[in-house]
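Topology and contacts: notes
Listed below, chain by chain, are the residues.
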Amino acid sequence: MKRLRHLVEAQQLTPEHITYLCAQADELRKGHNETLAGKILAAVFYEPSTRTRFSFESAMKRLGGDVISTENAAEFSSAIKGETLPDSIRIIAGYAHAIVLRHKEEGSSQLAASISPVPIINAGDGRGQHPTQALLDVYTIRRELGSSHGLRVGMVGDLKHGRTVRSLTYLLSKEPQEELVFIAPPELAMGNDIKAHLTEHGTTWRETPEFERELPKLDVIYMTRIQKERMDPKTYEGNKDRYRLGSDELTLVKPKARVMHPLPKIDEIQIPIEIEQKDPRIAYFRQAENGLYMRMALLLHMLQ
Ligand code: NCD
């Protein structure tokens, strides 16, 4: 297995990488590891983040390493003065052993990787990709369902602007699946590039705007937020209440299926906390926690 130099898009991950990183994440859950002592990770986020930034920072510290970051690179770094991304990356690369980058422009991580002397990890590039989220999603599916193949996976919501579903689709297409079902209104449909990739790789897929009708058939229900910041207000208003998973809809979900969400969830999930806490089908909080161990595994792989 080749060590990843940068992680920009999910297509770079081979089945061997995925299996290795899942096994490492399981190991790292169990105990102490200070292998990255003396190493510094720069967390450079030009867009808001809770889980991704905190889990990367926690992961680096738990591995004995250190983190430098700015709360909001768009506002508090020299970007506001007009410094270009490549200049910022060149400078930060002189201070850190790796850079986790989140940026509003699609392709920004690719650009950063093309000039950076240290590893770049894409933590979300606009509506492009979010490969570490896809890794933790597959890790979660394997832990929850025992494997990540032969499944009927439904992705629900804003599939046009959501980067998590794009990266996840690439990873799921590396194994044989029963079917991928893209549940979205036509104006927020999954991109043609992804659908062409699936067809080319022989993965069965289908798209529909229907939600309730699909629910009883799915093994994984991957809910997403309507990406308000990436569309005009009219499109947002017209779609924000389109899909909701509440207690009633949950009765349609198979007993062994899992409900996932990259979070933050807004109105699309309306399940009372008591049910969220005890119904084993609700996996999104465990999913968020898995992100910590998967990001530890990835940092070890790339920086050791
Ligand atoms: C996602 C993102 O930033 O793309 N959040 C995350 O990293 N868990 C999903 C979202 O913002 O809707």
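Everything below is about the structure shown above.
Residues numbered from 1 in each chain as written. Predicted model: local features only at pLDDT ≥ 70, side-chain atom pairs only at ≥ 80, totals over all residues. Heavy atoms only, no water.

This next bit is on the site of the ligand. Around the ligand sit Arg51, Thr52, Arg102, His130, Gln133, Arg163, Thr164, Arg225, Gln227, Pro262, Leu263 and Pro264, and those are all the residues in its vicinity. Interatomic distance of 2.8 Å between a side-chain N/O atom of His130 and an oxygen atom of the ligand. At 2.8 Å from an oxygen atom of the ligand is found a side-chain nitrogen or oxygen belonging to Arg225. Contact with the protein chains removes 93% of the 320 Å² of surface that the ligand exposes when unbound. Spatially, the ligand is embedded in the largest pocket. Elements with a minimum of two residues in the shell around the ligand: helix H2 (51-62) and helix H7 (163-172). Partitioning the shell around the ligand into residue classes produces 3 nonpolar, 5 polar and 4 charged. (Near = heavy atom within 4 Å. Polar contact = N/O pair within 3.5 Å; in protein donor to acceptor, adjacent residues only side chain to side chain. Areas by Shrake-Rupley, 256 points an atom, 1.4 Å probe, with all protein chains shown as cover. 1 Å grid on protein atoms, 1.4 Å probe; cavity = no way out; pocket = protein on both sides within 12 Å on 5 of 7 lines; lining within 4 Å. Sits in = over half its atoms within 2 Å of the grid points. Helix = DSSP H or I, 4+ residues; strand = E, 2+ residues; numbered from the N terminus. Nonpolar A, V, L, I, M, F, W, Y, C, P; charged D, E, K, R; others polar.)

We now examine the layout of surface pockets. Here the idea is plain: a probe the size of a water molecule rolls over the atoms and shows the empty space left. Roughly 460 Å³ of volume is contained in the largest pocket. Sorting the residues of the lining of the largest pocket by element identifies H2 and H7 as the ones contributing at least two each. Looking at the second largest pocket, it is lined by 16 residues, and the ones nearest its centre are Val44, Thr70, Ser77, Ser88 and Ile92. At the level of secondary structure, the elements contributing two or more residues to the lining of the second largest pocket comprise strand S1 (40-45), strand S2 (66-69), helix H3 (73-76) and helix H4 (85-93). A breakdown of the residues in the lining of the second largest pocket according to their chemical character gives 10 nonpolar, 5 polar and 1 charged. (Points joined across faces, edges and corners; volume = space filled by probe spheres on them.)

Scanning all chains against the criterion turns up 3 aromatic pairs. Ring geometry for Phe182 versus Trp205: centroids 6.2 Å apart, planes at 40 degrees, classification tilted. Of this pair, Phe182 sits in strand S6 (residues 179-183) while Trp205 is found in strand S7 (residues 205-208), placing the two residues 23 residues apart along the sequence. By relative accessible area, which is 27% here, Trp205 ends up partly exposed. (Phe/Tyr/Trp six-rings, centres within 6.5 Å; stacked < 30°, edge-to-face > 60°. Buried < 20%, exposed > 50% of the residue type's maximum accessible area, 1.4 Å probe, protein only.)

Distances and angles like these do not, on their own, reveal function.
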